[in-house]
Amino acid sequence: MPQHFDDFDDLDASDSSDDEAQIRALITGWAAAVHRGDLAGVIADHAQDLVMFNVPAPHHGIRGLAAYRAAWPPFFAWQAQGACFDIESLDITAGSDVAYAHALVRCATPEELARHPGFRLRLTFGLRKERGRWLVAHEHHSFPHD
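Just so we're clear, the structure is a prediction, and the values are computed from it rather than from any experiment.

What counts and how
- Residues numbered from 1 in each chain as written.
- Predicted model: local features only at pLDDT ≥ 70, side-chain atom pairs only at ≥ 80, totals over all residues.
- Heavy atoms only, no water.
- Helix = DSSP H or I, 4+ residues; strand = E, 2+ residues; numbered from the N terminus.
- Buried < 20%, exposed > 50% of the residue type's maximum accessible area, 1.4 Å probe, protein only.
- Contact = heavy atoms within 4.5 Å.
- Areas by Shrake-Rupley, 256 points an atom, 1.4 Å probe, with all protein chains shown as cover.
- Phe/Tyr/Trp six-rings, centres within 6.5 Å; stacked < 30°, edge-to-face > 60°.
- Polar contact = N/O pair within 3.5 Å; in protein donor to acceptor, adjacent residues only side chain to side chain.
- Pairing = 2+ DSSP bridges.
- Axes fitted to C-alpha atoms, helices over the stretch in contact; angles between N-to-C directions.

(A) Quick look at the overall build of the protein chain. Within the protein chain one finds four helices and six strands. For the protein chain, buried positions account for 36% of its 146 residues. Across the protein chain, every contact between residues at least 6 apart in sequence was considered, and the portion connecting residues at least 24 apart equals 54%. Total accessible area computed for the protein chain in this model is approximately 8500 Å², and 56% of it derives from carbon and sulfur atoms.

Put into structure tokens, the structure is as follows:
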């Protein structure tokens with residue numbers, strides 16, 4: 001039986017929702033690893049040539065998985081003071097081999113949240129699929145400046 005073009009649209013929608021589910025699981029797993037201070041979990045699904053623009057210096061960005069790995073211990077030390085790291089919203093757009101996502105995260109100590117209850121970390125992820133596996137190739141972390 002020949003397939004119609006509409007049948008391919010259904011397949012694409014199914015593939016897209018599968019990709020979105022995989023990416024959602026990747027990012028929520030990453031956030032859980034960040035919250036646990038689990039460095040291996042944080043770097044697990046990141047590309048070797050990752051680029052990250054982070055809140056603290058260096059402001060020209062962090063390039064490569066080794067530099068990304070080295071950036072996390074100071075954050076984990078700060079977070080050990082009782083800070084939260086909870087995804088509040090996560091939106092994902094996935095193509096067949098490239099995707100992006102953005103999230104708002106409660107990332108603060110209880111004292112900071114008491115002073116600024118609406119304060120949120122903004123995250124953007126650029127992902128690419130390599131050999132059937134989604135990898136984070138770009139991360140951007142920022143806080144609003146009022």
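Don't stop here, the text continues.
(B) Focus on the packing of aromatic side chains. For the structure shown, the criterion picks out 10 aromatic pairs. On the numbers, 4.7 Å between centres and 5° between planes, the contact of Phe-119 with Phe-143 is stacked. Taken together, the residues Phe-119 in the loop between helix H4 (110-115) and strand E5 (121-130) and Phe-143 in the segment after strand E6 (133-142) connect sequence positions 24 residues apart. Among the aromatic residues, ring-to-ring pairing joins Trp-30, Tyr-68, Trp-72, Phe-75, Phe-76, Trp-78, Phe-85 and Phe-125 into one connected group.

(C) Representation of the side chain of Gln-79 within the structure. Relative to the assigned elements, Gln-79 resides in helix H3 (residues 65-79). Side-chain polar atoms of Gln-79 contact the backbone oxygen of His-35, separated by 3.3 Å. Among residues more than four places away in sequence, those in contact with Gln-79 are Val-34, His-35, Gly-37, Cys-84 and Phe-85.

(D) Structural detail: the sheet that holds E6. An order of E2-E1-E6-E5-E4-E3 is seen for the six strands of this open sheet, with the pairing classed as mixed. For this open sheet the edge positions go to strand E2 (62-63) and strand E3 (84-94), each flanked by a neighbour on one side alone. Note that strand E1 (residues 46-53) and E6 share four bridges and pair parallel. In the strand pairing of E6, Val-51 is matched with His-138. Here H3 sits on the sheet and contacts E1, E2, E3, strand E4 (98-108) and E6; the angle it forms with E1, its principal contact strand, is near 55°.

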